[in-house]
Amino acid sequence: MDSKTIMKKLERIEDLPTLPTILFEVNRLLEDINTSAKKLGDTIGKDQSMVAKILKLVNSAFYGFRSRVSDISNALVLLGFNTVRNSVISVSIIKAFSGKNDLEGFDITEFWKHSIAVAVTSKRLAEKFRIEAPDNCFVAGLLHDIGKLVLSQYFQDLFTKVWITAQKENLTFYEAEKKEISVKHPMIGSFLVKKWQFPAHLVDAVKCHHAIRKGVSNYELLLIVYVADIIVNHCTIEPENPIDISTVHPDAVEMLGSHMENTNEWYEKLKAEIESACDFFLKEEEG
Ligand SMILES: [Fe+2]
Ligand SMILES: [Fe+2]
C-alpha cells in the first residue's frame, strides 16, 4: 500500500476513536484567561466518571498530597488548571482506545505501560532540567506511539507484516516499518492527534519522535520525548549497560549533559512512580 492510499484510508475511517466533548469544552475554557476554577469545575463536573477519576488521581501516591481532596474545584486550586487539563486528556486518551485488542503479537497493556513510562520519564526530565511544562511533556510522552495503536486496529495486515519482520530480523518496530511500509507510526499518530485538535507541539512531538527535526513548534519538548523513549527502551532491555551516546542526537546529549551517563541509576529510581502511574491509568475503576 503506498503512502497516498494509506493516508486516504486513514481519512476515510469513520470510527477512529473520538475524545469526549468535555475535553474540547475544557480546552476552550482554558483559552480564556478569565475562566475561574468554579466554571472549569462545573464543566468537568458534567462528567461524573471523569470527576471520580481525577479525584482518584489527585489523592493517589502520584501527587502525594497529605489531606484528602474531595471536590474538583479544590483539585484545580491544588494542582493548577494545566495539570487537571492534562489529566483529563490522559484519562480520555487511554479510555478512547480501551476494549479493542484482538491482534496477535500486540499487547495493548504492554503498549500503554511503555507509553506511561515514557510519559513519566518525560515529565521528570522536564522538571529536572526546568526545560518545559512537565505536564505537557507527560501528555506528549503518553501520545508518542499512538500511531502503533491505529496501525494495529485499522491496518492489521500492515501491522502484522511489520511485526513479523521485526521478530525475524531482530529489528525495532520503527526499523521494520522503514523496510515494510511507506507511512510509519509517527506520521499516522500525528494524523490522529491533529484530528483531535491538539496543539501543534503535541502533533510535532508525535510526528518527529524518531526523526528529530529543528523548526518544529517546540523543539525542546520534542527532544525530551525523543530521549525519554530512548531511555525507557534502553533501560527495559539492558539496564546494566550505559546508553551508547553516539546513537543519540547530539542536541539531546547536550541538553542532558552529564546526566546522560547515569540515566540507568536515575531511571531505576523512577520505576516505582511508573508502576503507580500504570496502576492508576490501567486498572479498571472498582466502582
Ligand atoms: Fe515510536
Ligand atoms: Fe516508544
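Residues numbered from 1 in each chain as written. Chains lettered and ligands numbered in written order. Predicted model: local features only at pLDDT ≥ 70, side-chain atom pairs only at ≥ 80, totals over all residues. Heavy atoms only, no water.

**Structural notes on the coordination of the iron ion (ligand 1)**
Then, in step 1: Of the protein atoms, only Asp-145 (OD), His-185 (NE2), His-209 (NE2) and His-210 (NE2) coordinate the iron ion (ligand 1), at distances of 2.0 to 2.2 Å.
Then, in step 2: Taken together, the four donor atoms coordinating the iron ion (ligand 1) span angles of 87 to 178° at the metal, a pattern that classifies the geometry as irregular.
Then, in step 3: Counting along the primary sequence, the residues that act as donors to the iron ion (ligand 1) give the motif D-x39-H-x23-H-H.
Then, in step 4: In this structure, the iron ion (ligand 1) lies 3.8 Å from the iron ion (ligand 2), and both are coordinated by Asp-145. Here His-185 is found in helix H12 (residues 185-195), whereas its partner His-210 is found in the loop between helix H13 (200-207) and helix H14 (219-237), with 25 residues between them in sequence.
Then, in step 5: Judged by relative accessible area, which is 0%, His-185 ranks as buried. (Donors = N, O, S within 2.8 Å, 3.2 Å for Na, K, Ca; no water. Tetrahedral: all angles 85-135°; square planar, octahedral: opposite > 155°, others 65-115°. Helix = DSSP H or I, 4+ residues; strand = E, 2+ residues; numbered from the N terminus. Buried < 20%, exposed > 50% of the residue type's maximum accessible area, 1.4 Å probe, protein only.)

**A word on the coordination of the iron ion (ligand 2)**
Then, in step 1: At 2.2 to 2.4 Å from the iron ion (ligand 2) lie its protein donor atoms, namely His-114 (NE2), His-144 (NE2), Asp-145 (OD) and Asp-229 (OD).
Then, in step 2: Considering all four donor atoms around the iron ion (ligand 2), angles at the metal cover 82 to 174° and the coordination shape is irregular.
Then, in step 3: In the primary structure, the donors to the iron ion (ligand 2) are separated according to the pattern H-x29-H-D-x83-D.

**Re H14**
Then, in step 1: With 19 residues, H14 should reach 27 Å at 1.5 Å per residue; the first-to-last C-alpha distance of 27 Å fits that figure.
Then, in step 2: Summarising burial for H14: 14 of the 19 residues are buried, a large majority. (Expected span 1.5 Å × (residues − 1).)

**Describing helix H7 (residues 108-129)**
Then, in step 1: Taking 1.5 Å of rise per residue, 22 residues should cover 32 Å, and H7 covers 31 Å from first to last C-alpha, within 8% of that figure.
Then, in step 2: A side-chain oxygen of the first residue of H7 lies 2.9 Å from the backbone nitrogen of Thr-109; this N-cap is Asp-107.
Then, in step 3: Of the residues one or two after H7, Arg-130 is the one with positive phi, at around 45°. (Polar contact = N/O pair within 3.5 Å; in protein donor to acceptor, adjacent residues only side chain to side chain.)

**Observations concerning the packing of aromatic side chains**
Then, in step 1: Within this structure, the stated rule accounts for nine aromatic pairs.
Then, in step 2: On the basis of an interplanar angle of 45° and a centroid distance of 5.8 Å, the ring pair of Phe-106 and Phe-111 is categorised as tilted.
Then, in step 3: The exposure class assigned to Phe-111 is buried, which follows from its relative accessible area of 7%.
Then, in step 4: On the numbers, 5.9 Å between centres and 65° between planes, the contact of Trp-196 with Phe-198 is edge-to-face.
Then, in step 5: A residue is classified by how much of its surface remains accessible, and Trp-196, at 3% relative accessible area, is buried. (Phe/Tyr/Trp six-rings, centres within 6.5 Å; stacked < 30°, edge-to-face > 60°.)

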